[in-house]
2 protein chains.
Amino acid sequence: MGGDHGPEVILAGAQIALERHPEMRFILFGQEDVVRPVLARLPKLAARSVFHHCPVSVRMDDKPSQALRQGRHKSSMWKAIEAVKTGEADVAVSAGNTGALMAMAKFCLRTMANIERPAIAAIWPTLRGESIVLDVGATIGADSQQLIDFSVMGAAMARALFHIERPTVGLLNIGVEEVKGQDEVKEAGRLLKETPIAGLDYRGFVEGTDLGKGTVDVVVTEGFTGNIALKTAEGTAKQIASYLRAAMTRTWMAKIGYLFAKSAFDRLRDKMDPNKVNGGVFLGLNGVVIKSHGSADAEGTAAAIDVAHAMAANGLLAKIEADFGQVYTQVAPVTDAGELEASEPKEALQ
Amino acid sequence: MGGDHGPEVILAGAQIALERHPEMRFILFGQEDVVRPVLARLPKLAARSVFHHCPVSVRMDDKPSQALRQGRHKSSMWKAIEAVKTGEADVAVSAGNTGALMAMAKFCLRTMANIERPAIAAIWPTLRGESIVLDVGATIGADSQQLIDFSVMGAAMARALFHIERPTVGLLNIGVEEVKGQDEVKEAGRLLKETPIAGLDYRGFVEGTDLGKGTVDVVVTEGFTGNIALKTAEGTAKQIASYLRAAMTRTWMAKIGYLFAKSAFDRLRDKMDPNKVNGGVFLGLNGVVIKSHGSADAEGTAAAIDVAHAMAANGLLAKIEADFGQVYTQVAPVTDAGELEASEPKEALQ
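Our subject in this report is the structure included herewith. These figures come from a predicted structure and were not determined experimentally. (Residues numbered from 1 in each chain as written. Chains lettered and ligands numbered in written order. Predicted model: local features only at pLDDT ≥ 70, side-chain atom pairs only at ≥ 80, totals over all residues. Heavy atoms only, no water.)

1. Things to note about helix α8 (residues 183-194) of chain B
Residues and elements named next belong to chain B. Using the following cut-off: Strands are runs of DSSP state E lasting at least 2 residues, helices are runs of H or I lasting at least 4, and numbering of each runs from the N terminus. Given the number of residues in a helix, its expected span is that number minus one, multiplied by 1.5 Å. For the exposure calls, accessible area comes from a 1.4 Å probe over protein chains only, and a residue counts as buried if that area is under 20% of its type's maximum, exposed if over 50%, partly exposed in between. In this description, the arc belongs to the directions extending from the helix axis to the C-beta atoms. By definition in these notes, contact holds between two residues if any of their heavy atoms fall within 4.5 Å.
Counted at 1.5 Å a residue, the expected span for α8 with its 12 residues is 16 Å, and the 16 Å between its end C-alpha atoms agrees. Listing the buried residues of α8 in full gives Val 185, Ala 188, Gly 189 and Leu 192. Axial view of α8: buried residues confined to an arc of 100°, hence all on one face. Buried residues along α8 sit in contact with α7 (144-162), β6 (168-172) and β7 (201-206).

Have a look at this one:
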């Protein structure tokens, strides 16, 4: 029921994703009078779906507390998350209200053992391919232990999504040395260097410019900065696309040039299309929930469902649990340098 | 002596700026054997310059404390800042080590009365023109009062640079409501709404996407987030430029299209050229210091000197002082609603 376009686009996206992963099955939650007619026009999807009517829908502008109060146990958003809890579903996907989705997911699924705070991980297109950036706004502020938790969870997600055995991890920081504050980042960096974690390759601090370069597979930061960085990049991409459009329509020569280079521009648009890398993954909960961008079209929705598929098929939760088991049992033998020598961390980038 | 290219580019930039502002005079500080030969090839600049030999140069990788220890009272960087203190110069421009420059500027010029922390303000190209974003990395973290100080200083700079009588100001925040933390931003927002400041038009919270849109003239945030946002935008612009280059050289059709649209691409490159909007302004000190980007070429250096010229010619310091005088004497009559009614602030954007 969520997103800027509602069930029309969500279901069309599900049908596209189904074509790519024919083994998938859907449990759909929403308002009967709105969803049924759309589903009737998508017979392939209907054949692989079960539909549950939910009388309440969370609105895009509901505050999380309001959504919880009005929608717990009965809204389509809650029911989708609950299906993950009961094991009926492997993963929940929603294009709805992010704050409400996180509040309900936390309330229903609870955070994993040892984890204090969940995070939202974004998939970030880079010059090298894709990276994972977290937290992009689940909570504000994070202490050093939470930043390490984010590192472990992000690495597990990179393993599940990119099939990299030991993803590289960087902590987002600013270049100026000897600047006071942000001690959590420095402390997390020190701990990650001193105590290598088998499942990730810690590469030290990275800066804002490293996000687009794809310097590391996983960029870790607290949610305020991560959210600002994500939206700044989005805004910059839109700004440049707007400059480009204006430049290409300004003169006849430019318009002719545009026609010749049209397929190149189409490729570029494809590269810059935020739809292509859609899907914010909620990490740290006892279940996987994916947030699709509210403005995503059918292709974008399909991309988020692809991510959901990858997370379920590659056992994201089991990977996170295994890594945390390793981290939290490793704390004791850390002082025994011999055992850890083999996985000595690389020098910090700066 | 600073920057990636040294005096060659700095002096060439100064000569370009001089052509635009023939009334300008330069006091140059540096090492004689390096600067003199370059200056000899630029007779117009030489005619409007005084040169002072300085035996010590701050290196780009010196730590601020190290630079202060070794370069205080004798480095070219110190001498340039000192010339502002003594009134010999109106403004100092350096392409050197940012951390060292800020440390020396603070040490030599001291912060203004009532101001606890200086800020670095960046000029941000937007779809609407240009905005000012601060702090982009002078210090990490800022309490609500410091965010208000940044708002006042940023507005004064906008007035000096853009000639807008009452610049619009927004506080950078994330969209998710009811998220805990970042109380300083909320508190600053509350204060700015409750106590209108004559010199600025507070518009509420803005998000990362608003930076590129140019929603407000002045975007205020603490230095860690500001620095990450600035570098993320820089990185994203480079990333898209790289996609564009790749797309335009991939096929013969695209290459022909590129030739037709070449002047359009040149305009675009111009728009995206970080050189065009160069110059980080140090605000909150008893003197104006401008940081030119280390990688700036001669045109970029000239752009930073243009900013320096505007700051000096339009009396930035006097504007800041006047605004602070107003803010800090206004604290008393604030409870008298009648007097302030006329300048009731606009509703927050969100």
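2. Quick word on the packing of aromatic side chains
Aromatic ring pairs are defined here through the distance separating the ring centres and the angle between the ring planes. As a reminder, the rule being used: Between the rings of Phe, Tyr and Trp (Trp by its six-membered ring), a pair exists once the centres lie within 6.5 Å; its type follows the angle of the planes, with under 30 degrees stacked, over 60 edge-to-face, and the other angles tilted. When the NZ atom of lysine or the CZ atom of arginine is within 6 Å of a ring's centre and also within 35 degrees of its normal, the charge is said to sit over that ring.
On inspection of all chains with the given rule, the structure shows 6 aromatic pairs over all chains. These aromatic residues form a ring-pair network of at least three members: Tyr258(A), Phe265(A), Tyr258(B) and Phe265(B). Sitting above the plane of the Trp252(A) ring, Lys255(A) keeps its charged end 4.6 Å from the centroid.

3. Some details on the interface of chain A and chain B
Rules: Throughout, the accessible surface (probe 1.4 Å) given up by two parts as they are put together, summed over both, is called the buried area. What counts as a salt bridge is simple: a side-chain nitrogen of Lys or Arg found within 4 Å of a carboxyl oxygen of Asp or Glu. Pairs of N or O atoms are called polar contacts if they sit within 3.5 Å, as long as, within protein, a hydrogen donor faces a hydrogen acceptor (for residues adjacent in sequence, only side-chain-to-side-chain pairs). Each residue gets one label: Ala, Val, Leu, Ile, Met, Phe, Trp, Tyr, Cys and Pro are nonpolar, Asp, Glu, Lys and Arg are charged, and the others, such as Gly, are polar.
Taken together, the 60 residues of chain A in the interface contact 60 residues of chain B. For the pairing of chain A and chain B, the buried interface totals around 5500 Å² over both sides, and the portion due to carbon and sulfur atoms is 71%. Of all residues in chain A, Phe224(A), Tyr243(A) and Phe260(A) give up the largest surface area on contact with chain B, accounting jointly for 12% of the area buried on that side. Note that Lys231(A) and Glu207(B) form a salt bridge whose closest N and O atoms lie 2.3 Å from each other. In this assembly, chain A and chain B are joined by 8 residue pairs in polar contact (both at pLDDT 80 or more). At the level of elements, α4 (64-71), β4 (119-126), α9 (208-213), α10 (223-248), α11 (252-260) and α12 (262-272) of chain A are the ones that each hand at least two residues to the side of chain A that touches chain B. The leading source of residues in the side of chain A that touches chain B is α10(A), at 19 residues. The residue makeup of the side of chain A that touches chain B, split by class, is 30 nonpolar, 20 polar and 10 charged.

4. Here we look at the environment of Glu165(A)
Residues and elements named next belong to chain A. Of note, Glu 165 is situated in the loop between α7 (144-162) and β6 (168-172). On the basis of relative accessibility, which here comes to 64%, the residue Glu 165 falls in the exposed class. In sequence terms Glu 165 and Leu 200 are 35 residues apart; their C-alpha atoms lie 8.2 Å from each other. Beyond its immediate stretch of four places on either side in the chain, Glu 165 contacts Arg 159 and Gly 199.

5. Some words on the sheet that holds strand β9 (residues 280-283) of chain B
The criterion, for reference: Two strands are said to pair when DSSP picks up at least two bridges between them. Convention adopted: a line fitted to C-alpha atoms gives each axis, helices being fitted over their contacting stretch, and angles between N-to-C directions are expressed from 0 to 180 degrees.
Within the open sheet, the 8 strands sit side by side as β3-β10-β9-β4-β5-β8-β6-β7 (chain B). Their pairing is mixed. Sheet topology places β3 (91-94) and β7 of chain B at the edges, where each strand pairs with a single neighbour. Pairwise comparison of adjacent strand axes, ignoring direction, gives a mean angle of 25° for this sheet. Pairing of β9(B) with strand β10 (residues 288-291) of chain B involves 3 bridges; the strand directions are antiparallel. Among the inter-strand pairings, Val281(B) is bridged to a residue of β10(B), identified as Ile290(B). Strands β4 (119-126) and β6 of chain B of the sheet are contacted by α10(A), whose axis makes an angle of about 35° with β4(B).

6. Looking at the packing of helix α1 (residues 7-20) of chain A against helix α2 (residues 32-40) of chain A
Residues and elements named next belong to chain A. Heads up, the condition is: Roughly parallel means an angle under 35 degrees; roughly antiparallel means over 145; roughly perpendicular covers 65 to 115; every other angle is labelled oblique. Crossings are assigned a handedness: left-handed for a near helix turned anticlockwise from the far helix by less than a right angle, right-handed for a clockwise turn.
In contact at an axis separation of 10 Å, α1 and α2 are set at 40° when each is read in the N-to-C sense. Here α1 lies oblique to α2, going by the angle between them. Considering how the two elements wind past one another, α1 and α2 form a crossing that is right-handed. Where α1 approaches α2, its residues Pro 7, Glu 8 and Leu 11 are matched on the opposing element by Val 34, Val 35, Val 38 and Leu 39. Here the residues of the contact of α1 with α2 sort into 6 nonpolar, no polar and 1 charged.

7. Focus: the pattern of salt bridges
Counted by the stated rule, this structure contains 26 salt bridges over all chains. A salt bridge links Arg190(A) to Glu194(A); the nearest nitrogen and oxygen atoms lie 2.8 Å apart. Taken together, the residues span about one helical turn, with Arg190(A) and Glu194(A) both in helix α8 (residues 183-194) at a distance of 4 residues. On the basis of relative accessible area, Arg190(A) is assigned to the partly exposed category, the value being 37%. For Asp201(B), the salt bridge goes to Arg203(B), with nearest N and O atoms at 3.1 Å. Given a relative accessible area of 24%, Arg203(B) falls into the partly exposed group. Salt bridges linked by common partners bring Arg20(A), Glu299(A) and Asp306(A) together as one network.

8. Digging into the relation of the copies chain A and chain B
The condition is simple: Superposition of the copies used a least-squares fit over C-alpha atoms from residues whose pLDDT is at least 70 in both.
The two copies are related by a screw operation: chain A maps onto chain B through 180° of rotation and 0.0 Å of translation along the axis, at an RMSD of 0.0 Å. In the structure described here, the two chain copies are related by an operation that fits a two-fold rotation axis. Residue Gly257(A), judged by its C-alpha, is the member of chain A lying nearest the rotation axis, at 1.9 Å. Of the interface residues in chain A, 100% have counterparts in chain B that sit at the interface too, so the contact is made through matching surfaces.

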